[in-house]
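Here's the letter readout for the chains.
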2 protein chains.
Amino acid sequence: MTVVLFDLAGADPDVRFSPYCWRTRFALAHKGIPVETVPWRFTDTPVIAFSGQGKVPVVRDEAKVVFDSWTIAEYLEDAYPGPTLFGSPTGRAHARFINAWVDSVLLGGIARLIVRDLLDIIDPKDQGYFRSSREERFGMSLEAVQADRDDRVVSFRALLMPIRLVLRRQDWLGGAAPSYADHIVAGTLMWPRCTSRFELLEDADPVAKWQQRMMEQYGGLGAQAKRV
Amino acid sequence: MTVVLFDLAGADPDVRFSPYCWRTRFALAHKGIPVETVPWRFTDTPVIAFSGQGKVPVVRDEAKVVFDSWTIAEYLEDAYPGPTLFGSPTGRAHARFINAWVDSVLLGGIARLIVRDLLDIIDPKDQGYFRSSREERFGMSLEAVQADRDDRVVSFRALLMPIRLVLRRQDWLGGAAPSYADHIVAGTLMWPRCTSRFELLEDADPVAKWQQRMMEQYGGLGAQAKRV
């Protein structure tokens, strides 16, 4: 059966850019599960009211409804055979740390580099909500948040050191093959990749080289994603 | 058979304070492997020359010699049955990220809070080496590094957010039971715990509560460790 994924889209429905929805896309592809994606915008909360909350990703798998990218990954691992996302309960527990690190360190760092660019690609009906909610969060205008990004990107790149250290010793965060840890980081990097022309990583960065390899996985799922 | 661990000690041979040696102590205890520790000081490099390098931890297991805390953990997991350190190859790969995060983020943060205190507890024969090597690394006197620690500790505590987020959802970094991920972090925190009276964590911090639980594991191995 095909799984339905409600997937954050821009004004252009082919631009999919949620760092959380992309984790789910990669996890579904890793498991070999056919998916039908439904473009969804920030203000389309009534469309996913059946899930009992208002954010994507939401997955509908026949009668089963699951939301929250981490919960979806656990659901897929437990409900589907095929290549593992976590390897073992301990591997799952350790992946939760990587998920927490990305959510508490990387996401905020990336947001400060591209948040004004996002305003240009989201659906016009979402722009009022997006500007007011994000400006309240940052306590300043979106233009001000992003103003010093050419300087700020240097310290952002330094945050990636743990990934670089791991990639010195293994090809993937998951070891010999990608795991959900790779999906977490690569999914998160799809957000700036699809929405902004700002160069987050230097070409020579081992993280950039790993990202390129991730883009080619699963039949080029990442590589084929539409970018602005 | 008993494994021999060359273990960094202070002027008081009962004060053991290496963040790397403690990872190995916890891993050995987790596996239930009897250990004989040999107190070792920074300048005792000839004593471990048999390992082909000059740093601890070094483990001698009959004819086998292994050094580097990560390599030792892999060796123990592969050579010994009993409770797993990693759960699976994927769990091991994910633990490497946690190891890299601790080494590149936490260790430097802790060093800046306690490095001058260390000078007071290490063996007098090590003090000249310690001061000159560390002052070269920091580019300033040990006293200057540590001078603003009451302010700096606030940002250090913020660095622990990924651990806090994980502990909201599971009791241990390893999930339902401690894993080598817990040994990495708890072992690292033994370093300030044993050498300094500076309060690294607030009592109400979930990380402090987890640390207390870790101290009681393995027959109270951490709790019984001598502190200055």
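Each value, and the rule that gives it
- Residues numbered from 1 in each chain as written.
- Chains lettered and ligands numbered in written order.
- Predicted model: local features only at pLDDT ≥ 70, side-chain atom pairs only at ≥ 80, totals over all residues.
- Heavy atoms only, no water.
- Axes fitted to C-alpha atoms, helices over the stretch in contact; angles between N-to-C directions.
- Helix = DSSP H or I, 4+ residues; strand = E, 2+ residues; numbered from the N terminus.
- Parallel < 35°, antiparallel > 145°, perpendicular 65-115°, else oblique.
- Contact = heavy atoms within 4.5 Å.
- Nonpolar A, V, L, I, M, F, W, Y, C, P; charged D, E, K, R; others polar.
- Buried area = accessible area lost by both parts, 1.4 Å probe.
- Salt bridge = Lys/Arg side-chain N within 4 Å of Asp/Glu carboxyl O.
- Polar contact = N/O pair within 3.5 Å; in protein donor to acceptor, adjacent residues only side chain to side chain.
- Phe/Tyr/Trp six-rings, centres within 6.5 Å; stacked < 30°, edge-to-face > 60°.
- Buried < 20%, exposed > 50% of the residue type's maximum accessible area, 1.4 Å probe, protein only.
- Lys NZ or Arg CZ within 6 Å of the ring centre and 35° of its normal.
- Pairing = 2+ DSSP bridges.
- Core = buried A, V, L, I, M, F, W, Y, C linked by side-chain atoms within 4.5 Å.
- Expected span 1.5 Å × (residues − 1).

Trainee: For the packing of helix H8 (residues 180-195) of chain A against helix H9 (residues 206-220) of chain A, give the residues involved together with the corresponding values.
Mentor: Residue and element names in this part refer to chain A. Axis separation between H8 and H9 bottoms out at 11 Å; the angle between their running directions is 100°. Comparing the axis directions of H8 and H9 gives the class roughly perpendicular. Residues Asp 182, His 183, Val 185, Ala 186, Leu 189, Met 190 and Arg 193 of H8 lie in contact with H9, whose contacting residues are Trp 210, Gln 211, Gln 212, Met 214, Met 215 and Tyr 218. By residue class, the composition of the contact of H8 with H9 is eight nonpolar, three polar and two charged.

Trainee: Could you give me a rundown of the interface of chain B and chain A, with the residues and numbers involved?
Mentor: Every contact between the two is made by 29 residues of chain B and, on the other side, 28 residues of chain A. Approximately 2400 Å² of surface area, both sides summed, lies buried where chain B meets chain A, with 68% of it carried by carbon and sulfur atoms. Looking only at chain B, the three residues that lose the most surface to chain A are His94(B), Arg96(B) and Phe97(B), adding up to 30% of its buried area. Here chain B and chain A share zero salt bridges between them. For the pair chain B and chain A, the number of links is nine residue pairs in polar contact (both at pLDDT 80 or more). Of all elements in the fold, only helix H3 (89-121) and helix H7 (161-167) of chain B reach the threshold of two or more residues within the side of chain B that touches chain A. Tallying contributions element by element places H3(B) first for the side of chain B that touches chain A, with 12 residues. Looking at the side of chain B that touches chain A, its residues break down into 17 nonpolar, 10 polar and two charged.

Trainee: Go over the packing of aromatic side chains, please, and point to the residues and values.
Mentor: Within this structure, the stated rule accounts for 21 aromatic pairs over all chains. Between Phe86(A) and Tyr180(A), the ring centres sit 5.7 Å apart and the planes meet at 70°, which makes this aromatic pair edge-to-face. Residue Phe86(A) is found in the loop between helix H2 (69-79) and helix H3 (89-121), and its partner Tyr180(A) is found in helix H8; the two are separated by 94 residues along the sequence. According to the relative accessible area criterion, Tyr180(A) is buried, its value standing at 0%. In textbook terms, an aromatic cluster arises when at least three aromatic residues are bridged by ring pairs, as seen for Phe17(A), Phe42(A), Tyr129(A) and Phe130(A). Arg25(A) extends its terminal NZ or CZ atom over the ring of Trp22(A), reaching a point 5.4 Å from the ring centre. When the ring centre of Phe42(B) is taken as reference, the NZ or CZ atom of Arg134(B) above it lies at 5.2 Å.

Trainee: Lay out the sheet that holds strand S2 (residues 35-40) of chain B in plain terms, naming residues and giving numbers.
Mentor: Residue and element names in this part refer to chain B. What the four strands build is an open sheet, ordered S2-S1-S3-S4; its pairing is mixed. Edge positions in the sheet fall to S2 and strand S4 (64-67), since each of these pairs with one other strand and no more. If you compare each strand with its neighbour and ignore which way they point, the axes differ by 20° on average. The strands touched by helix H1 (residues 19-31) within the sheet are strand S1 (3-8), S2 and strand S3 (58-61), with S1 carrying the most contacts at an inclination of about 150°. Contacts from helix H2 (residues 69-79) reach S3 and S4 within the one sheet, and its direction differs from that of S4 by about 135°.

Trainee: Break down the nonpolar core for me, citing the residues and quoting the values.
Mentor: Within the largest apolar cluster, 150 residues are counted, with the highest numbers of intra-cluster contacts made by Phe17(A), Ile163(A), Trp210(A), Phe17(B), Ile163(B) and Trp210(B). Not counting the four nearest positions on each side in its chain, Phe17(B) is found in contact with Leu8(B), Ala9(B), Gly10(B), Trp22(B), Phe42(B), Leu118(B), Ile121(B), Ile122(B), Trp191(B), Cys194(B) and Thr195(B).

Trainee: Tell me what's going on with helix H4 (residues 124-138) of chain A, and back it up with residues and numbers.
Mentor: Side chains of residues three or four places apart in an α-helix project in the same direction, reflecting 3.6 residues per turn. Residues and elements named next belong to chain A. With 15 residues, H4 ought to run about 21 Å at 1.5 Å a step, and its terminal C-alpha atoms sit 21 Å apart, in line with that. Among the residues of H4, Asp 126, Phe 130, Arg 134, Glu 135 and Phe 138 are the ones counted as buried. Buried residues along H4 sit in contact with H3 and helix H5 (142-146). One or two positions beyond H4, positive phi appears at Gly 139, with a value near 70°.

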